[in-house]
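# Geometric and topological summary
Here are the chains, one letter per residue:
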Amino acid sequence: MKAELSPRMKVFLYGLMCVLLVPFVFPTWWMVTSSVKPISDIFAFPPQLVPQSYDWTTYQKVFELQPFVQQYWNSAYIAALVTLGTMVVSSMAGYAFARIRFPFANTIFMIVLLGLLIPSEVTIVPLFQMFLKAGMVNTHWPLILVPIFGAPSVFATFVMRQFFVTLPGELEEAARVDGLGRFKIFRKIALPLARPALASVAIFTFLHSWNLFLEPIVFLSSADKFTLPQALTQYTDAYGGPMWNIQLAAATLTALPVLIVFIIAQKQFVEGLAHTGLKG
Amino acid sequence: MAEVTLSRVRKSYGAVDIIHGVDLGISDGEFVVLVGPSGCGKSTLLRMIAGLETITGGDIRIGGRVVNDLDPKDRDIAMVFQNYALYPHMTVAVNMGFSLEHRGTGKAEIAERVKWAADILGLTHLLDRYPRQLSGGQRQRVAMGRAIVRDPQVFLFDEPLSNLDAKLRVVMRGEIKSLHQKLKTTTIYVTHDQVEAMTMADKIVVLNGGRVEQIGAPLDLYDRPANQFVAGFIGSPSMNFLTGTITAEGFAAPGIVLPLPEAAHELRDRKAVYGIRPEHFALDDNGVPAEIVLVEPMGSETQVTMKLGETQVTGVFRERVSLSPGAIIRVRPDLASIHLFAADGGERLN
Amino acid sequence: MAVAQENVAPEGRASSPFWTVARRDSLAGFLFIAPQLIGIIVFVLIPLGLVFWYSLHEWNVLANTFTYTGAQNYRMLIEDTNLLEVLGATAIFSAGLVVFNLSLALLLAVLLNQKLAGITIFRTLFFSPVVVSLVAWTIVWGFLLQKNGGINGMLQVFGIEGPNWLREETTAMISVIVVQVFKNVGLNMILFLAALQGVPNELYEAARIDGAPRFKQFRRITLPLISPTILLTSIITIVGSLQVFAQIAVLTQGGPGLSTTVLVYYLYQQAFQFHFFGYGSTLSILLFVIVAVLTFAQWQMRKRIVFYES
């Protein structure tokens, strides 16, 4: 596989990859360009790959029709809290499962892993009832608490455990001789060394929270509480049909920042995710 | 500085006994080497002294204080690990000062102590590097530096040289030894390499199967091993053993009769094991015949594998031997260096 | 510990302290896992128990009824003719998704594993939909797949009359599968790529010396060696496919008819649109059982299909 490729083979491979790229790249391009086209041009024939004229008022309407800034903030702060919280909870649990001997550790680990087996859709009905009783429906609490402590963080715990298992035991023993207790060993030795694993946990936790859709539409009912994915679907006309250009403008505003961060830090993203201990 | 005393120290995992009641006294400033084949419990014993393993029974005292239930950090010991256990995310200086940081030592004093240790070990120019930027020997030195900055009562070494190549091992062996002569701190050193044990120790403890086989000065162990295990373990190439019976004519082994010292005659008619080190054979026309199997010239000496009767043994000669396999030479065992062990149990007889 | 030192008796014999190293460690262990464990109990185990309890009830929120009906809901499950269609759609969706996703991911990973200049740029671009907001991605595709949308526009340039993708049963199913695959195939691609790069180069060199052609190398060396990754990604992808909700909700709302109503979407409709919480809970139990059985079955299969495990 690693043999030198002939020039003809190279041309073929580049060509193949460029064709395959179309469905991956074109939608994003189409989203951005269509969002600045006047409404009359977005379904024009032949399709305008590059906008012929621009209409920026669409972006104004995004903010006029809904409290979009508020919704943006909701999504951002929820995702940030969930990411931070998950990093804390999962690194602690992952560390304990990997490195501390305590009674019933294996049984408890099995119970926790059950969370991987149970799609959040299975428990959505009782969770709704529980949060309803707690008076937390139409607040952001369900979107914050469940991912941090519940099933979604189990995968993160698993990834952290897989990492901590590989940490040389001698380092911890040296730290004990040096006078550190459990918590300090965790904070000063194990955690700093776990940066790559933590980074991948942070990335997929953030994306998971940012993309959450079922939970917001179940738990939230007022526009100023909405998160972005939910808000995007609300730009509809009187008949319930989508206002395409405004939806696309809002979608662009939602997708682009993450996309830009990704392109800047793509190495960390891609290698971080390959790093999740899923290599088998 | 302190003495270390182990009395009837035991360790078991469930029903399996790992250490069977070890008694050991180490005086202040002594360099003691625990040696034995892998799985003999030497590392476990060291880790029990360090406090990294719990002890099942008996007492461990450091400087007169029973430390059985104390945390490693409260035992005033420092340890050098097999893989050095340097913190990868800290520079050499931080690595070395780390333990002081957690003992509430002031910044200025930490810097001073680190500088002092770095000077002794020749690490001063490496203080800002990270462990991954260091060679094996340098890492080893940092690991020692981390141990000495604290000026602990006892140094513990767990096979610290096993990851170095042969040449560097000899160099570091000398460095550890001279460091000990400089600091005079009580040191307990674990190794499976009997050469390390012989060259470094004030006192060697030979362990086997969780039991102490013999304790003594290196040359005492070499000259008068207490049993067949120690005899075979100490010395390289290792001692030859022939089984047979002590008779009036000498030691009757299969196919040959070997000479015995006068004193051995009182053991007449006993079944025994005849032990002789390779270097205690001499070429002598009046000696016993031996058939050459293999000749390995080393330059300074020649190692010859040969058959004494039916038993294959090794001899090391100062002379150069240039004979082919199958030829017969005559060798004479040095009567003063013959060891006799009981055929059952291997205890020393003479 | 200072406490332990004070306990040293005059003759130097310490009395055993209660907080031995092992005990302190156990305590630390429990404290470390406590947030996760409590979270799992409160947000997974209790809800799982509740969902089973609910499933034994006839519960309509609007009518405010909550009566114990035993296995009534489960009988309804069997008699529900819609459910058969829903399960059929779910099966087609999941199977199509897994096959398309894994083969595309493997193809892309093999391409990205070639020695070509600028390969990281391609890797970045193939991966990029993963980080695009899911609903944004779905909205654009919905836009492209309109009767007069971008895709049909392109087809028309070549004189082809495209279908109304989201309004015809077959094309609607294909559409939701395709949209989902292009969104997430990058994840599996990266996992495959990591696995491919983990195959020691020596093996290929040995195979070349043995004269094995490229295709044979792939079939006899690459595939067996990355089989653990294939198994793992297929488990993740199948379980993930059963949770696809946003795409369906945005693109087709389960239509036309029930053709794209997968189990999760049906569950959502029953519980939160029609307010049948009891029956919705029964569907949740069904979903749980399906996921558990599939995971277990695939795990059992690993003995037969995984050639090598590190």
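Residues numbered from 1 in each chain as written. Chains lettered and ligands numbered in written order. Predicted model: local features only at pLDDT ≥ 70, side-chain atom pairs only at ≥ 80, totals over all residues.

Broken down by element type, chain A carries 14 helices and zero strands. Shown N-terminal to C-terminal, the secondary structure of chain A runs as helices and strands in the order α-α-α-α-α-α-α-α-α-α-α-α-α-α. Computed over its C-alpha atoms, the radius of gyration of chain A comes to 24 Å, more than 25% above the 19 Å expected for a compact globule of 280 residues. Looking at the 280 residues of chain A, the share that counts as buried comes to 48%. Counting only contacts in chain A whose residues sit at least 6 apart along the sequence, the fraction spanning at least 24 positions is 73%. (Helix = DSSP H or I, 4+ residues; strand = E, 2+ residues; numbered from the N terminus. Rg over C-alpha atoms; globule rule 2.2 N^0.38 Å. Buried ≥ 20, exposed ≤ 12 C-beta atoms within 10 Å, placed from the backbone. Contact = placed C-beta atoms within 7 Å.)

Below, the discussion takes up the overall build of chain C. A tally of regular secondary structure across chain C gives 13 helices and two strands. Whereas a compact globule of 310 residues would reach a radius of gyration of roughly 19 Å, chain C reaches 27 Å, over 25% beyond that. Overall, the C-alpha framework of chain C stretches about 100 × 75 × 35 Å when taken along its three principal axes. Residues counted as buried form 40% of the 310 residues belonging to chain C. By sequence separation, contacts in chain C at least 24 residues apart represent 68% of the contacts at least 6 residues apart.

Our focus in this paragraph is the UniProt feature "transmembrane region" (unreviewed entry) in chain A. What UniProt calls "transmembrane region" (unreviewed entry) maps, in this numbering, to residues 12-32, 76-97, 104-128, 140-160, 189-210 and 244-265 of chain A. The span residues 76-97 of chain A is 100% helix and 0% strand, and its two end C-alpha atoms sit 31 Å from each other. (UniProt positions renumbered as here; feature names shortened; annotations may be inferred.)

So, on to unusual backbone geometry. All names here are of chain B. Of note, the amide linkage connecting Ser236 to Pro237 takes the cis form, showing an omega dihedral of -10°. Within the secondary structure layout, Pro237 lies in the loop between helix 8 (228-233) and strand 11 (240-246). Although it is not a glycine, Asp76 adopts a positive phi angle of roughly 55°. Within the secondary structure layout, Asp76 lies in the loop between strand 5 (65-66) and strand 6 (77-80). With 17 C-beta atoms counted inside 10 Å, the residue Asp76 sits in the partly exposed group. In this structure, Lys184 takes a positive phi of about 55° despite not being glycine. Mapped onto the elements of the fold, Lys184 is located in the loop between helix 5 (166-183) and strand 8 (186-191).

With that settled, the discussion passes to the UniProt feature "transmembrane region" (unreviewed entry) in chain C. Residues and elements named next belong to chain C. The UniProt feature table records "transmembrane region" (unreviewed entry) at residues 27-54, 86-112, 124-144, 172-196, 223-246 and 276-297. Within the segment residues 86-112, helix and strand shares are 100% and 0% respectively, and the terminal C-alpha atoms sit 38 Å apart. The span residues 172-196 is 100% helical and 0% strand by assignment, and the distance between its end C-alpha atoms comes to 34 Å.

Counting from both sides, the interface comprises 82 residues of chain A and, opposite them, 86 residues of chain C. Tallying contributions element by element places helix 1 (residues 7-35) of chain A first for the side of chain A that touches chain C, with 14 residues. Split by residue class, the side of chain A that touches chain C holds 63 nonpolar, 13 polar and six charged. (Nonpolar A, V, L, I, M, F, W, Y, C, P; charged D, E, K, R; others polar.)

Before going further, it helps to examine the confidence of the model for chain C. Residue and element names in this part refer to chain C. When the pLDDT values of chain C are averaged, the result is 85; 92% of them are 70 or greater. No element of chain C has a lower mean pLDDT than helix 1 (residues 2-6), which averages 39, and none a higher one than helix 4 (residues 81-112), which averages 94. Contacts from residues 1-14, a stretch scored under 50 in pLDDT, to residues over four places away or in other chains number 24 contacts. (pLDDT = per-residue confidence, 0-100.)

Moving on: the sheet that holds strand 6 of chain B. Residues and elements named next belong to chain B. Strands sit in the order 6-7-8-3-9-10 across an open sheet of six strands; the sheet is mixed. Sheet topology places strand 6 and strand 10 (211-216) at the edges, where each strand pairs with a single neighbour. Taken pair by pair, the neighbouring strands of this sheet meet at an average axis angle of 20°, ignoring direction. Relative to strand 8, strand 7 (residues 154-158) runs parallel, the two sharing five bridges. Looking at the pairing, Phe155 lines up with Thr187 of strand 8. (Pairing = 2+ DSSP bridges. Axes fitted to C-alpha atoms, helices over the stretch in contact; angles between N-to-C directions.)

Glancing now at the environment of B:Arg139. Position of B:Arg139 among the secondary structure elements: in helix 4 (residues 136-148). Measuring from C-alpha to C-alpha, the distance between B:Arg139 and B:Leu123 comes to 9.9 Å, with 16 residues separating the pair along the chain.

Below, the discussion takes up the sheet that holds strand 17 (residues 311-317) of chain B. Residue and element names in this part refer to chain B. Overall, antiparallel pairing links the four strands, which are arranged 17-16-15-18 in an open sheet. Both edges of this open sheet fall to strand 17 and strand 18 (328-333), since each of them pairs with a single strand only. Pairs of neighbouring strands in the sheet enclose a mean axial angle of 55°, with direction left out of account. Both strand 15 (residues 281-297) and strand 18 contribute to a ladder of seven bridges, which runs antiparallel. For Ala282, the partnering residue across the bridge sits in strand 18 and is Arg332.

Residue and element names in this part refer to chain B. Here strand 14 (residues 271-276) lies mainly inside the structure; five of its six residues are buried. As paired strands, strand 11 and strand 14 are joined by six bridges and run antiparallel to one another. Bridging from a neighbouring strand, Gly244 pairs with Ala272 of strand 14. Direction of pairing for strand 14 relative to strand 19 (residues 339-342): antiparallel, over a ladder of four bridges. Among the inter-strand pairings, Tyr274 is bridged to a residue of strand 19, identified as Leu340.

This brings us to the domain arrangement of chain C. Split into domains, chain C comes out as domain 1 (23-49) and domain 2 (81-305). Averaged C-alpha coordinates put domain 1 of chain C and domain 2 of chain C at centres separated by 34 Å. (Domains from an automatic or database assignment.)

Here the focus is helix 13 (residues 244-264) of chain A. Over its 21 residues, helix 13 of chain A runs 29 Å from end to end, which matches the ideal 30 Å to within 8%, given 1.5 Å per residue. Along helix 13 of chain A, the residues that are buried comprise A:Trp244, A:Asn245, A:Ile246, A:Gln247, A:Leu248, A:Ala249, A:Ala250, A:Ala251, A:Thr252, A:Thr254, A:Ala255 and A:Phe262. (Expected span 1.5 Å × (residues − 1).)

Right, let's get into helix 1 (residues 42-50) of chain B. An α-helical turn contains 3.6 residues, so any two residues separated by three or four positions project in the same direction. For helix 1 of chain B, the tally of buried residues reaches eight of nine residues, placing the bulk of the element in the interior. Within the span of helix 1 of chain B, buried status applies to B:Lys42, B:Ser43, B:Thr44, B:Leu45, B:Leu46, B:Met48, B:Ile49 and B:Ala50.

Residue and element names in this part refer to chain C. Relative to strand 2 (residues 65-68), strand 1 (residues 57-60) runs antiparallel, the two being bridged by four bridges. Paired with Glu58 across the two strands is Thr67, which belongs to strand 2. What sits between strand 1 and strand 2 in their antiparallel hairpin is a turn of four residues, with Asn64 showing a positive phi close to 55°.

Turning to the environment of B:Val206, a few remarks are in order. All names here are of chain B. Locating Val206 in the fold gives a position in strand 9 (residues 203-208). According to the C-beta neighbour criterion, Val206 is buried, with 27 such atoms within 10 Å. C-alpha of Val206 to C-alpha of Arg224: the two residues are 18 residues apart in sequence and 13 Å apart in space. The contacts of Val206, once residues within four sequence positions are left out, are Val35, Gly36, Glu213, Gln214, Leu221, Val230 and Phe233.

What follows deals with the packing of helix 1 of chain A against helix 13 of chain A. All names here are of chain A. Between helix 1 and helix 13, the shortest axis-to-axis distance is 8 Å and the interhelical angle comes to 120°. When the axes of helix 1 and helix 13 are compared, the pair comes out oblique. For helix 1 against helix 13, the interelement crossing comes out left-handed. Residues Met31, Val32, Ser34 and Ser35 of helix 1 form the contact with helix 13, whose participating residues are Asn245, Leu248, Ala249, Ala251 and Thr252. Classifying every residue of the contact of helix 1 with helix 13 by side-chain character gives five nonpolar, four polar and no charged. (Parallel < 35°, antiparallel > 145°, perpendicular 65-115°, else oblique. Left-handed = near helix turned anticlockwise from the far one by under 90°.)

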